[in-house]
Amino acid sequence: MSLNPELAKLLNAQINHEMAASYSYLAMAAWFEQTPYSGFANWMYQQSAEETVHALKFYQFLVSRDAAVVLTPLAMPQAEFTSPLDVFATSLRQEETVTQQINDLYDVAERVRDHASKNLLLWFLNEQIEEEKSVRDIMDRLTLAGDDPASLLVLDREAGARKETKESAKN
Ligand SMILES: [Fe+2]
Ligand SMILES: [Fe+2]
């Protein structure tokens, strides 16, 4: 079944959104690298890599469906932040936007009755729930830690333990 052109266009746009998220997380990692929080820098770096995997999932899906892949420019990401909490709050807003984009994509896939696309997008919707939750959890604990350096360093160490994702673009 060939891909509906409107859906193909939006799936291509989502490659750009995921790469923009990856780029933005890399800017957040770079910001943390200039602070004592090397653990948060690691967390953001791993998150950036995961967003690239998301972009590649859409890429692979388009290729599998014999649709053209069209890559478009990325905007310059936000690079200045006021605190670790500010970085994670920015991340949450970004994830909420992506969740909305995937929801909208799902509506289109449903309208054109492309069930295979719906299946791919359902995976992403579940992933968005997890990502929003993990960012909100860190924000809650950063709020609790406030300005206490010892508590902040505990959170930073935990974030530093985040490992590289094993997820592949092809599954
Ligand atoms: Fe993503
Ligand atoms: Fe994400």
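Draft legend 1. Highlighting the nonpolar core. Counting residues in hydrophobic clusters, the biggest one holds 23 residues, and the most contacted among them are Phe32, Phe40, Trp43, Met44, Val87, Phe88 and Leu142. Those elements that provide at least two residues to this core are α1 (5-33), α2 (38-64), α3 (84-111), α4 (115-145) and α5 (149-160). Once residues lying within four places of it in the same chain are set aside, the contact partners of Trp43 are Phe88, Ser134, Val135, Ile138, Ala159 and Arg162. Membership of the second largest hydrophobic core comes to 20 residues, among which are Leu11, Ala55, Phe61 and Leu121.

Draft legend 2. Layout of the coordination of the iron ion (ligand 2). Of the protein atoms, only Glu51 (OE), Glu95 (OE), Glu95 (OE) and Glu131 (OE) coordinate the iron ion (ligand 2), at distances of 1.9 to 2.4 Å. With 4 donor atoms in place around the iron ion (ligand 2) and angles of 55 to 146° between them, the coordination shape is irregular. For the iron ion (ligand 2), the single-chain donor residues occur in sequence as E-x43-E-x35-E. Taken as an interatomic distance, the gap from the iron ion (ligand 2) to the iron ion (ligand 1) is 3.3 Å; Glu51 donates to each of them. You can see Glu95 sitting in helix α3 and its partner Glu131 sitting in helix α4, a full 36 residues away along the chain. As far as the burial class goes, Glu95 and Glu131 line up, both buried.

Draft legend 3. Main features of the pattern of salt bridges. Evaluated as defined, the whole model comprises 7 salt bridges. When the shortest N-O distance is used, the salt bridge between Glu6 and Arg111 registers 3.2 Å. Placement of the pair is Glu6 in helix α1 and Arg111 in helix α3, with a sequence separation of 105 residues. Judged by relative accessible area, Arg111 falls into the exposed class, the value being 54%. Here Glu158 ties to Arg141 by a salt bridge, and the two come within 2.8 Å at their closest N and O atoms. Here the residue Glu158 occupies a position in helix α5, and Arg141 occupies one in helix α4, the gap between them amounting to 17 residues.

Draft legend 4. Seen up close, the layout of surface pockets. Counted as a void, the largest pocket has a volume near 240 Å³. Lining the largest pocket are 13 residues, and of these His17, Ala20, Ala21, Ser24 and Gln94 lie nearest its centre. If one sorts the elements of the lining of the largest pocket by residue count, α3 sits on top with 5 residues. Split into classes, the residues belonging to the lining of the largest pocket amount to 6 nonpolar, 7 polar and no charged.

About the cut-offs
Residues numbered from 1 in each chain as written. Chains lettered and ligands numbered in written order. Predicted model: local features only at pLDDT ≥ 70, side-chain atom pairs only at ≥ 80, totals over all residues. Heavy atoms only, no water. Core = buried A, V, L, I, M, F, W, Y, C linked by side-chain atoms within 4.5 Å. Buried < 20%, exposed > 50% of the residue type's maximum accessible area, 1.4 Å probe, protein only. Helix = DSSP H or I, 4+ residues; strand = E, 2+ residues; numbered from the N terminus. Contact = heavy atoms within 4.5 Å. Donors = N, O, S within 2.8 Å, 3.2 Å for Na, K, Ca; no water. Tetrahedral: all angles 85-135°; square planar, octahedral: opposite > 155°, others 65-115°. Salt bridge = Lys/Arg side-chain N within 4 Å of Asp/Glu carboxyl O. 1 Å grid on protein atoms, 1.4 Å probe; cavity = no way out; pocket = protein on both sides within 12 Å on 5 of 7 lines; lining within 4 Å. Points joined across faces, edges and corners; volume = space filled by probe spheres on them. Nonpolar A, V, L, I, M, F, W, Y, C, P; charged D, E, K, R; others polar.

By themselves, these are just geometric observations and shouldn't be taken as functional.
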